[in-house]
Amino acid sequence: MSAPNQDRLHVSFRPSDRARQALETLPGPVTCAAAPSGQDRSELLSDVRGAAALVCLLTDRVDAELLDAAGPSLRVVANMAVGYDNVDVAACAARGITVTNTPGVLDEATADLAFALLLATSRRVVEADAFVRSGEPWSWRPDLFVGLDVSSGATLGIVGLGRIGLAMARRARAFDMRIVATPSRSAGDEAARLGIETLPLADLLVTSDVVSLHCPLTPDTRHLVGAEELRLMGPGSVLVNTARGPIVDEAALAAALADGTIGAAGLDVFENEPAVHPELLALPNVVLLPHIGSAGRATRDRMAMLAIDNARAVLAGEPAPTPVHP
Ligand code: DGY
């Protein structure tokens, strides 16, 4: 499987049927891992040896060790995710390897899930479901699972007004929320049309009832939300994170949820994924999901097809459709 071959494309996971059909149309040989969840490290290092293209997952660490294992034949790393913090882009660039990601095809699915977390946390849906299942006797009462009124003037603060942040804003607009966002170079006309006000981060945290994170993980955004930022958000406020776990200091978040510094959180991503801070697991006011923001059937097919097309293009000597710029 790992014999050197100039044009071999290796896929580090088991592709869907649609993706497999696309792979079958490629001119060169293709190898695929057997598990849908990806390969363990040693298997990946072995299988990537001599490959010309790697289609990989966000759980694959593409670093100097992997690039050394692949050898000089590797020309493209096509990450099946919009986030590419798992890829050492500079190390790839230094070796002339193109890195690509999958922007644009998962915005709506990810914003759907972020908004689902906004509603679930604001209106305490998961807590209330657990309560009914517990069998505890209940009847309607004015103070049962009272939460935040979302569509009566609540303010959503969007940190990272890129494609997914804007998709989140469109949903919030339909719920009549006031929308504020951190400054963005790319949002332009649509931000104006949606009536989004721009605020510096600290002011956004103070102003917002719900803060939703949509920025990439970079050295600048690691622990962007820590103890001080949570304090600025204040009691009753809600934090939603569908971006990357390390943007939030998870220990500080657990403490803030436990002592009422903020009201609730909805998390689809974790600082040390797949591990979850043990204190979060014990708290009722946090909804925890296993990184399923883009897990719509058609969305996942689009992500795989775009990753494959990026790899195909580079192998064919064409420009990659969605390259990452170092
Ligand atoms: C991404 O694409 O970066 C998401 O986290 C997974 O879809």
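Please read these numbers as outputs of a predicted model, since none were measured by experiment.

By nearness alone, every residue bordering the ligand is listed as Leu58, Ala81, Val82, Gly83, Leu106, Arg244, His291, Ser294 and Met303. Contacts to the ligand include valine 82, whose backbone N or O atom sits 2.7 Å from an oxygen atom. A distance of 2.7 Å is found between an oxygen atom of the ligand and a side-chain nitrogen or oxygen belonging to histidine 291. Across the complex, the protein chains shield 91% of the 230 Å² of accessible surface that the ligand would expose by itself. Considered class by class, the residues forming the shell around the ligand number 5 nonpolar, 3 polar and 1 charged.

Another point: the packing of helix H5 (residues 107-122) against helix H7 (residues 163-174). Closest axis-to-axis distance for the H5/H7 pair is 8 Å, and the angle between their directions is 50°. Here H5 is positioned oblique relative to H7, judged by the angle of their axes. Remark: the crossing between H5 and H7 carries right-handed chirality. Here Asp107, Glu108, Thr110, Ala111, Asp112, Ala114, Phe115 and Leu118 of H5 come into contact with H7, specifically with Arg163, Ile164, Ala167, Met168, Arg170, Arg171 and Ala172.

Let's shift gears to the environment of leucine 213. In this structure, leucine 213 sits in strand S9 (residues 210-213). Taking the C-alpha atoms as reference points, leucine 213 and valine 225, separated by 12 residues in sequence, lie 9.5 Å from one another. Those residues in contact with leucine 213, other than ones at most four positions away along the chain, are Val159, Val225, Leu239, Val240, Asn241, Thr242, Ala243, Ile247 and Val248.

Another point: the sheet that holds strand S6 (residues 155-159). Strand order in the open sheet formed by 7 strands is S8-S7-S6-S9-S10-S11-S12, and the pairing between neighbours is parallel. Whereas interior strands pair on both sides, the edge strands pair on one side only; in this sheet they are strand S8 (197-198) and strand S12 (286-288). The pairing of S6 with strand S7 (residues 178-181) spans 4 bridges and is classified as parallel. When the bridges of S7 are listed, leucine 156 appears paired with isoleucine 179. Helix-sheet contacts for H7 involve S6, S7 and S9, and the interaxial angle to S6 is about 175°. Against the sheet, helix H11 (residues 250-258) engages strand S10 (238-241), strand S11 (264-267) and S12, with an angle of about 140° to S11.

A word on the state of the cysteines. For the structure on display, the rule yields 0 disulfides. Residue cysteine 32 stays outside any disulfide, its sulfur separated by 13 Å from that of cysteine 56, the closest cysteine. Take cysteine 32: its relative accessible area is 22%, and that puts it in the partly exposed class.

Leu118, Leu156, Ile158, Leu161, Met168, Met177 and Ile196 are the most contacted members of the largest nonpolar core, which has 30 residues in total. Listing elements by their share of this core, those giving two or more residues are H5, S6, H7, S7 and S10. No other element matches the 7 residues that H5 contributes to this core. With residues near it in sequence (within four places) discarded, methionine 177 still touches Phe115, Leu118, Val150, Ala154, Thr155, Leu156 and Ala172.

Let us look at the domain arrangement of the chain. How big an interface is tends to be stated in terms of accessible area lost as the parts join. Each assigned domain of the chain is listed here: domain 1 (9-105 + 297-324) and domain 2 (107-288). Inter-centroid distance (C-alpha atoms) of domain 1 to domain 2 is 32 Å. Domain 1 puts 9 residues into the contact, and the matching count from domain 2 is 6 residues. Carbon and sulfur atoms supply 50% of the area buried between domain 1 and domain 2, which totals about 550 Å² over both sides. Area buried by domain 1 at its contact with domain 2 is led by Leu58, Asp85 and Gly104, which between them contribute 59% of it. Connecting domain 1 to domain 2 are 1 salt bridge.

Rules and cut-offs
Residues numbered from 1 in each chain as written. Predicted model: local features only at pLDDT ≥ 70, side-chain atom pairs only at ≥ 80, totals over all residues. Heavy atoms only, no water. Near = heavy atom within 4 Å. Polar contact = N/O pair within 3.5 Å; in protein donor to acceptor, adjacent residues only side chain to side chain. Areas by Shrake-Rupley, 256 points an atom, 1.4 Å probe, with all protein chains shown as cover. Nonpolar A, V, L, I, M, F, W, Y, C, P; charged D, E, K, R; others polar. Axes fitted to C-alpha atoms, helices over the stretch in contact; angles between N-to-C directions. Helix = DSSP H or I, 4+ residues; strand = E, 2+ residues; numbered from the N terminus. Parallel < 35°, antiparallel > 145°, perpendicular 65-115°, else oblique. Left-handed = near helix turned anticlockwise from the far one by under 90°. Contact = heavy atoms within 4.5 Å. Pairing = 2+ DSSP bridges. Disulfide = S-S within 2.5 Å. Buried < 20%, exposed > 50% of the residue type's maximum accessible area, 1.4 Å probe, protein only. Core = buried A, V, L, I, M, F, W, Y, C linked by side-chain atoms within 4.5 Å. Domains from an automatic or database assignment. Buried area = accessible area lost by both parts, 1.4 Å probe. Salt bridge = Lys/Arg side-chain N within 4 Å of Asp/Glu carboxyl O.

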